[in-house]
Amino acid sequence: MQSILLQSDINNVTNYLPIGMQLIFAVLLIGGIMVITHLLGPKRKGTDKLQNFESGIEIKGNARQPMAIKYFFVAILFVLFDVEVIFFYPYAVNFRALGKPGFTAVIMFVGLFVAGFIYILKKGALDWED
């Protein structure tokens, strides 16, 4: 009987009161800081203030020049394969403890890894010339 009472006390609304108070405090603090900075911040606008700051270097050209999509594609592939390589570290640390099942899992992982790499090579993802 006592365990039933204790379980009902866990789901009581008053147990969530500190969380609600913290959320309300956070929202009020963020809103207050935004209002105060808007009211107290400088309001002088001019061409010098609206111009981009480039660490004292003269601005040359437009930053909105088109860039080849291949650059972004190679960057995404780098991140993808870099993350996959990170999974080799736990195996290298525990290769004796994992035994034969661990070895077969790593062989399958390497096989998929190499298959993906061959696929992007055949698709020409790393060819920069059009």
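Residues numbered from 1 in each chain as written. Predicted model: local features only at pLDDT ≥ 70, side-chain atom pairs only at ≥ 80, totals over all residues. Heavy atoms only, no water.

Next up on the list: the overall build of the protein chain. The helix and strand tally for the protein chain stands at six helices and zero strands. What you see in the protein chain, going N to C, is helices and strands ordered as α-α-α-α-α-α. On C-alpha atoms alone, the protein chain measures out to a radius of gyration of 29 Å, which is more than a quarter above the 14 Å that the 2.2 N^0.38 rule sets for 130 residues. Residues counted as buried form 7% of the 130 residues belonging to the protein chain. At a minimum sequence separation of 6, the contacts of the protein chain that also span at least 24 residues come to 61%. Total accessible area computed for the protein chain in this model is approximately 12400 Å², and 69% of it derives from carbon and sulfur atoms. Put simply, the protein chain has 11 plus and 9 minus side-chain charges, and the middle of one group is 3 Å from the middle of the other. (Helix = DSSP H or I, 4+ residues; strand = E, 2+ residues; numbered from the N terminus. Rg over C-alpha atoms; globule rule 2.2 N^0.38 Å. Buried < 20%, exposed > 50% of the residue type's maximum accessible area, 1.4 Å probe, protein only. Contact = heavy atoms within 4.5 Å. Areas by Shrake-Rupley, 256 points an atom, 1.4 Å probe, with all protein chains shown as cover. Lys, Arg positive; Asp, Glu negative; His and termini not counted. Charge placed at Lys NZ, Arg CZ, Asp CG, Glu CD.)

Now for the confidence of the model for the protein chain. Of all residues in the protein chain, 90% have pLDDT values of 70 or greater, and the mean over the chain is 82. Taking the mean pLDDT of every element in the protein chain, the minimum, 58, falls on helix α1 (residues 2-10) and the maximum, 95, on helix α2 (residues 17-40). (pLDDT = per-residue confidence, 0-100.)

This part is about the nonpolar core. In a soluble, globular protein the nonpolar side chains are often hidden away together inside. Formed by Leu77, Phe81, Phe113, Ile120 and Ala125, the largest nonpolar core amounts to five residues. Every element with two or more residues in this core is listed here: α4 (69-86) and α6 (95-123). In contact with leucine 77, other than residues within four places in its own chain, are Ile120, Ala125 and Leu126. (Core = buried A, V, L, I, M, F, W, Y, C linked by side-chain atoms within 4.5 Å.)

Judged by side-chain polarity, Met67, Ile69, Tyr71, Phe72 and Trp128 come together as a nonpolar surface patch covering roughly 610 Å² of accessible area. Under the relative-accessibility criterion, tyrosine 71 is labelled partly exposed at 45%. (Patch = residues over 30% accessible without salt bridge, like charges linked within 9 Å, V, L, I, M, F, W, Y side chains within 5 Å. Salt bridge = Lys/Arg side-chain N within 4 Å of Asp/Glu carboxyl O.)

Our next topic: the packing of aromatic side chains. Within the structure shown, the criterion is met by six aromatic pairs. With a centroid separation of 5.3 Å and 75° between ring planes, the pair formed by phenylalanine 88 and phenylalanine 109 is classed as edge-to-face. Separated by 21 residues along the polypeptide, phenylalanine 88 in helix α5 (residues 88-93) and phenylalanine 109 in helix α6 bring together distant segments of the chain. Note on phenylalanine 109: relative accessible area 27%, which makes it partly exposed. Through a chain of ring-to-ring contacts, the aromatic side chains of Phe81, Phe87, Phe88, Phe109, Phe113 and Phe117 assemble into a single cluster. (Phe/Tyr/Trp six-rings, centres within 6.5 Å; stacked < 30°, edge-to-face > 60°.)

The next thing to look at is the environment of arginine 96. Locating arginine 96 in the fold gives a position in helix α6. The spatial distance from the C-alpha of arginine 96 to the C-alpha of phenylalanine 113 is 22 Å, given a sequence separation of 17 residues.

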